[in-house]
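# What the coordinates show
These are the residues of each chain, in order.
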2 protein chains.
Amino acid sequence: MRSTSFDFTPLLPAELPAPAAKWTGSPRYNITGGNNDPDHVPVDGLIAAAEAVLRREGRSLATYGLASGPQGYRPLREFLAAKLKRDAGITCTFDDILLVSGSLQALDLVNAALLARGDTVIVERDTYQGALTRLARLGINTVGIPLDGEGMRMDALAAALADLKRRAIRPKYIYTIPTVQNPTGTIMNETRRAELLRLSEQYGVPIFEDDCYADLIWDGRRPPAIYATSKSGGVIHIGSFSKSIAPALRVGYIVAGWEMLSRMLALKTDAGSGALEQMVLAEYCAPHFTEHVPALTRGLRSKLETLMEALNEHFGTAAEFDDPKGGIFLWVKLPDAVETLKLFPSALAAGVAINPGPEWSTDPVHARSRMRLCFASPSKEEIRRGVAVLAEVCRKEFGVPARIANVERRAGA
Amino acid sequence: MRSTSFDFTPLLPAELPAPAAKWTGSPRYNITGGNNDPDHVPVDGLIAAAEAVLRREGRSLATYGLASGPQGYRPLREFLAAKLKRDAGITCTFDDILLVSGSLQALDLVNAALLARGDTVIVERDTYQGALTRLARLGINTVGIPLDGEGMRMDALAAALADLKRRAIRPKYIYTIPTVQNPTGTIMNETRRAELLRLSEQYGVPIFEDDCYADLIWDGRRPPAIYATSKSGGVIHIGSFSKSIAPALRVGYIVAGWEMLSRMLALKTDAGSGALEQMVLAEYCAPHFTEHVPALTRGLRSKLETLMEALNEHFGTAAEFDDPKGGIFLWVKLPDAVETLKLFPSALAAGVAINPGPEWSTDPVHARSRMRLCFASPSKEEIRRGVAVLAEVCRKEFGVPARIANVERRAGA
């Protein structure tokens with residue numbers, strides 16, 4: 001047993017985040033997080049890719065950056081340039097792409113290149129928790145723009161930009177997840193994308209486009225990326241392989257003009273992201289990506305249906321949601337009586353993990369009774385049981401769903 | 001051709017580092033950097049490991065952190081606990097280890113957990129450039145302690161600690177690379193390690209022990225880590241697989257008590273380091289590490305001899321250096337007339353990259369005529385030719401080595 005008499009406490013700087021808790025394993029029914037479907041990890045394909053690429057180029061692991069330099073493994077950047085052209089309408093070359101350690105490092109690099117404490121950014125009102133916690137730690141003011149079924153509302157954005165301008169505040173960027181928005185699952189329509197670009201240029205505020213879920217659309221019909229239709233170059237585009245292949249690989253990318261890419265590259269002082277993962281992804285994706293993704297999304301769609309059925313069965317009309325067009329999450333509104341921040345610990349004690357709405361929103365009042373449920377990772381059986389347990393906990397704690405609600409919805413279904 | 005009329009310049013925060021230059025390929029004779037020997041990447045072993053571990057556990061790539069939680073792949077932490085016991089005398093469990101994206105992320109996490117702008121730290125006078133540039137960017141004052149053939153000088157450290165105390169400055173840590181010091185190649189003897197611990201406890205200043213080269217000792221006789229002999233727990237220990245297996249994998253680790261590990265884990269907001277690399281390393285290293293490393297170090301020793309011979313041949317007595325006990329670099333003193341910061345661009349123009357001494361030291365006067373040469377990555381032929389070209393450039397620019405020096409040394413050899 002190691003004695004630890006040395007006291008580090010007086011040495012810690014102010015504003016350090018709270019220490020992490022010891023990890024004690026996953027909850028039994030984990031309906032949170034960006035985890036993917038284990039049945040759709042292309043294990044055989046990755047094994048074959050690893051063997052082929054290591055056999056051919058394994059010696060290059062002796063060199064930081066392989067033979068590709070600091071922007072990352074060139075064949076993966078070349079695959080991405082072709083894929084982004086085909087799927088998102090983006091015209092770029094491998095030279096416009098920086099490979100990073102997951103889209104979280106992309107967020108860190110964009111933030112480091114543009115933000116200083118006290119700055120203001122515009123985000124979607126309901127948005128990715130990881131973006132919000134980063135902005136809070138950096139001391140950034142966030143202005144949240146409401147969404148509807150077509151994504152960020154441009155009337156509200158125009159009003160916010162005008163209001164900020166009156167107050168002499170120039171926001172540093174407009175952060176959007178336009179394609180399968182997290183957590184609402186909406187896809188911004190093309191009219192709004194054009195209007196967003198117009199407003200961005202009018203006010204001189206760049207767009208930070210996070211397209212990391214854009215591969216996961218049920219009908220495969222992805223609109224052109226905002227980056228693709230920008231004429232001014234005022235867009236930074238990021239994406240990831242976490243959702244399309246596997247999150248634990250930690251490979252994402254940034255597409256930007258050299259003016260900003262050179263700034264972010266200077267801030268990326270990690271001597272490169274993991275090379276083996278880049279190599280294996282390039283080798284696997286070049287021949288297999290376009291056949292892999294539709295199989296994956298069919299599986300995800302089927303799990304989403306299980307989740308929606310389970311919610312209808314156990315919550316009835318008490319759970320309101322729109323059927324999303326893709327993705328791995330469902331944004332659910334419970335009755336106003338329910339506080340999901342309070343539901344969270346009770347549910348966890350019963351073995352069910354949920355994402356409470358206020359952690360995914362700039363507006364805790366709006367998000368008070370909302371929660372994000374993620375359906376990619378749990379099995380269908382776990383989804384059904386998890387939702388049943390969640391409904392029981394919610395009923396005990398908040399009196400909803402009333403039992404009658406089930407009957408109403410099931411009768412009408 | 002993409003027009004980029006959008007001007008990001010007014011949005012950039014103050015104190016942003018200069019933009020990166022476009023990468024234009026490696027110099028012909030690259031005698032710099034932490035790159036390893038491509039002939040000693042265990043390609044076959046890594047292929048077999050990738051197949052075995054993916055076949056068995058590939059589905060877990062669908063989950064952030066695999067089934068191991070946020071500290072990293074558990075079998076790799078278990079391998080490390082056993083290895084650190086065997087090689088470094090460290091008693092710890094997998095729970096005391098945090099896997100990170102190379103030792104650079106370890107530096108970032110230790111710094112983030114302990115440092116605030118204006119703080120002071122103690123470092124070895126000649127030390128790792130990546131540590132110095134990080135400290136400079138964070139606005140930290142560094143106090144450099146001279147080294148001799150046995151590592152950091154404890155008389156100088158005691159004097160520096162007393163002096164700082166008189167000025168009411170408590171340094172946040174003492175950073176040391178005790179085992180195959182970068183760039184001097186020295187190994188701190190055990191008496192000094194004990195004295196360092198005593199001073200650390202007397203002044204309440206923790207030790208930050210960077211042992212990332214410690215596997216690469218020619219005779220394999222590694223002294224117990226400082227972490228191993230600390231009774232107070234005031235040591236943070238970091239290491240890496242970059243030097244023992246391959247740098248492009250980007251896998252390092254931190255060993256620390258939970259008080260500090262929980263702080264660093266809270267700051268590691270990257271959703272885990274690359275899992276495939278952790279899996280493949282664990283699978284490969286558990287059976288093969290102890291046979292791989294001696295073969296690697298034999299190869300490195302042989303390249304070092306080529307480098308020393310080439311320096312003797314082309315620089316003669318003008319190049320002074322100690323024969324290091326391990327590692328991948330040689331710290332070379334040239335005559336006082338030579339400024340290595342000026343030699344650097346001329347040499348690069350001739351196709352030879354060197355590390356100029358002042359980038360690896362807190363004392364630019366002391367390091368003015370010194371340079372770091374790295375011998376692991378270039379072939380023996382490249383080492384020989386690179387040193388010959390370097391000597392030519394140096395002679396043209398600074399008048400040394402004089403031709404006579406060669407003859408003297410060769411006659412005496």
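The structure presented is a predicted model; accordingly, all values stated were derived computationally and were not measured.

### Regarding the overall build of chain A
When helices and strands are tallied, chain A shows 12 helices and 14 strands. Here the C-alpha radius of gyration of chain A, 22 Å, is about what a compact globule of 413 residues would show, namely 22 Å. Per-residue burial for chain A yields a buried fraction of 56% across its 413 residues.

### Considerations on the interface of chain B and chain A
With 79 residues of chain B at the contact, the number on the chain A side is 79 residues. Residues belonging to the side of chain B that touches chain A are distributed by class as follows: 42 nonpolar, 25 polar and 12 charged.

### Quick notes on the sheet that holds strand β10 (residues 252-255) of chain B
Residue and element names in this part refer to chain B. A sheet is described by the order of its strands in space; here seven strands give the open sequence β2-β10-β9-β8-β7-β3-β4, paired in mixed fashion. The sheet terminates laterally at β2 (97-100) and β4 (141-145), the two strands that pair on one side only. Averaged over all adjacent pairs, the angle separating strand axes in this sheet is 20 degrees, with direction ignored. With three bridges connecting them, strand β7 (residues 174-176) and strand β8 (residues 207-210) associate as parallel partners. Directly across from I174, in β8, lies its bridge partner I207. Set on the sheet, helix α2 (residues 74-88) makes contact with β2 and β10; between it and β2 the angle comes to about 120 degrees. Here helix α8 (residues 258-267) sits on the sheet and contacts β2, β9 (235-240) and β10; the angle it forms with β2, its principal contact strand, is near 25 degrees.

### Looking at the relation of the copies chain B and chain A
Rotating chain B by 180 degrees and translating it 0.0 Å along the rotation axis places it on chain A, where the RMSD comes to 0.0 Å. Taken together, the rotation angle and the small translation identify this as a two-fold axis. Taking C-alpha positions as reference, the residue of chain B nearest the rotation axis is G274 of chain B, located at 3.1 Å. When the interface residues of chain B are mapped onto chain A, 100% of them again lie at the interface, so the same face is used by both copies.

### Thoughts on the packing of helix α1 (residues 43-57) of chain A against helix α1 (residues 43-57) of chain B
Remark: α1 of chain A packs on α1 of chain B, axes separated minimally by 9 Å, with the N-to-C direction vectors making an angle of 175 degrees. Between α1 of chain A and α1 of chain B, the angle is such that the two are roughly antiparallel. Along its contact with α1 of chain A, which presents V43, L46, I47, A50, E51, L54 and R55 of chain A, the element α1 of chain B presents V43, L46, I47, A50, E51, L54 and R55 of chain B. Partitioned by chemical class, the residues of the contact of α1 of chain A with α1 of chain B number 10 nonpolar, no polar and four charged.

### Here we look at helix α10 (residues 340-349) of chain A
Residues and elements named next belong to chain A. Here α10 has its buried residues at T340, L343, F344 and A347. Projected down its long axis, α10 carries its buried residues within an arc of 115 degrees, all on one side. Turned more than 90 degrees from where α10 packs its buried face, P345 and A349 sit exposed. If you follow the buried residues of α10, they end up packed against β12 (352-353), β13 (355-356), β14 (370-374) and α11 (380-398). Two residues or fewer past α10, G351 is found with a positive phi of approximately 95 degrees.

### Observations regarding the domain arrangement of chain A
By a widespread convention, an interface's size corresponds to the accessible area lost as its parts come together. Residues and elements named next belong to chain A. Once the domains are mapped, chain A shows domain 1 (27-41 + 294-412) and domain 2 (43-288). One C-alpha centre belongs to domain 1, the other to domain 2; they are set 27 Å apart. Taken together, the 25 residues of domain 1 in the interface contact 24 residues of domain 2. Every element with two or more residues in the side of domain 1 that touches domain 2 is listed here: α9 (275-315) and β11 (329-333). Of all the elements, α9 adds the most residues to the side of domain 1 that touches domain 2, at four residues.

### A word on α1 of chain B
Between its first and last C-alpha, α1 of chain B extends 21 Å over 15 residues, near the 21 Å set by a 1.5 Å rise per residue. Restricting attention to buried positions, one finds in α1 of chain B the residues G45, L46, I47, A49, A50, V53 and L54 of chain B. Against α1 of chain A together with α9 (275-315) of chain B lie the buried residues of α1 of chain B.

### Focus: the confidence of the model for chain A
Of the residues in chain A, 97% have a pLDDT of 70 or more, and the chain-wide mean is 95. We note a pTM of 0.96 for the whole complex and an ipTM of 0.95 for its interfaces.

### Side note on the pairing of strand β3 (residues 120-124) of chain A
All names here are of chain A. In terms of burial, β3 is a largely internal element, four of the five residues being buried. Sheet analysis places β3 next to strand β4 (residues 141-145), joined by five bridges and oriented parallel. Across the sheet, the residue bridging to T120 is N141, located in β4. In this region the chain leaves β3, passes through helix α4 (residues 129-137) and returns to the parallel neighbour β4; the handedness of that crossover is right-handed. The pairing of β3 with strand β7 (residues 174-176) spans two bridges and is classified as parallel. The residue of β7 that forms the bridge with I122 is I174.

### Description of the sheet that holds strand β10 (residues 252-255) of chain A
All names here are of chain A. Pairing in this open sheet of seven strands is mixed, and the strands run β2-β10-β9-β8-β7-β3-β4 from one edge to the other. Bordering the open sheet on either side are β2 (97-100) and β4, each of which pairs with just one other strand. On average, each strand axis in the sheet is inclined to that of its neighbour by 20 degrees, with strand direction left out of account. Direction of pairing for β2 relative to β10: antiparallel, over a ladder of four bridges. If you follow L98 over to β10, its bridge partner there is I254.

### Quick notes on the packing of helix α3 (residues 102-114) of chain B against helix α4 (residues 129-137) of chain B
Axes are the key here: two packed helices are described by the angle between their axes and the distance separating the axes. All names here are of chain B. Where α3 contacts α4, the axes come no closer than 11 Å and their chain directions differ by 35 degrees. As for the relative orientation of α3 and α4, their crossing is right-handed in sense. Within the contact between the two elements, α3 uses L104, L107 and N111 and α4 uses G130, A131 and R134. Considered class by class, the residues forming the contact of α3 with α4 number three nonpolar, two polar and one charged.

### Here's the deal with the environment of I31 of chain A
Residue and element names in this part refer to chain A. Following the sequence through the fold, I31 ends up in the loop between β1 (29-30) and α1. Since 26 C-beta atoms lie within 10 Å of it, I31 is described here as buried. Separated by 364 residues in sequence, I31 and R395 place their C-alpha atoms 18 Å apart. The contacts of I31, once residues within four sequence positions are left out, are V352, A353, I354, L373, C374, P378, I383 and G386.

### Remarks on the pairing of β9 of chain B
Residues and elements named next belong to chain B. Of all six residues that make up β9, six are buried, and the element is covered over most of its length. Of the two faces of β9, the one lined by V235, H237 and G239 and the one lined by I236, I238 and S240 are each fully buried. Pairing between β8 and β9: four bridges, direction parallel. Within the sheet, the bridge partner assigned to D210 lies in β9 and is I238. When β9 meets β10, the two strands line up antiparallel, connected through four bridges. Each residue of the ladder has a partner; that of I238, found in β10, is I254.

Conventions and cut-offs
Every chain is numbered on its own, with residues counted from 1 as its sequence reads. Working convention: letters from A go to chains and numbers from 1 go to ligands, in the order in which they are written. Confidence filtering applies because this is a predicted model: local features only for residues at pLDDT of at least 70, side-chain atom pairs given and counted only at 80 or more, and all residues used for totals across whole chains, interfaces and linings. Numbering of helices and strands runs from the N terminus, with a helix taken as a DSSP run of H or I at least four residues long and a strand as a DSSP run of E at least two residues long. Our radius of gyration looks at C-alpha atoms and nothing else; its globule reference is 2.2 Å times the residue count to the power 0.38. Working definition of burial: number of other C-beta atoms within 10 Å of the residue's own, with buried at 20 or more, exposed at 12 or fewer, and partly exposed in between, all C-beta atoms being placed from the backbone. The contact criterion used here is simple: two residues whose C-beta atoms, placed from the backbone, lie within 7 Å are in contact. Under this grouping Gly is polar, as are all residues other than the nonpolar Ala, Val, Leu, Ile, Met, Phe, Trp, Tyr, Cys and Pro and the charged Asp, Glu, Lys and Arg. If DSSP finds at least two bridges between two strands, the strands pair. Orientation is described by lines fitted to C-alpha atoms, with helices fitted over the stretch in contact, and by angles between N-to-C directions that extend from 0 to 180 degrees. Copies overlap after least-squares fitting; the atoms used are the C-alpha atoms of residues with pLDDT of at least 70 in both. Angular relationships are summarised with four words: roughly parallel below 35 degrees, roughly antiparallel beyond 145, roughly perpendicular across 65 to 115, and oblique for the angles in between. Directions from the helix axis toward the C-beta atoms define the arc. Segmentation into domains, and thus their bounds, comes from an automatic or database assignment. Helix span, expected: 1.5 Å multiplied by one less than the number of residues in the helix. A residue's pLDDT is simply how confident the predictor is in it, with values from 0 to 100. A crossover gets the label right-handed when its path from the first strand over the helix to the second runs clockwise, viewed with the strands pointing away from the viewer. Put simply, a crossing is left-handed when the front helix is turned counterclockwise from the back one by less than a right angle, and right-handed when it is turned clockwise.

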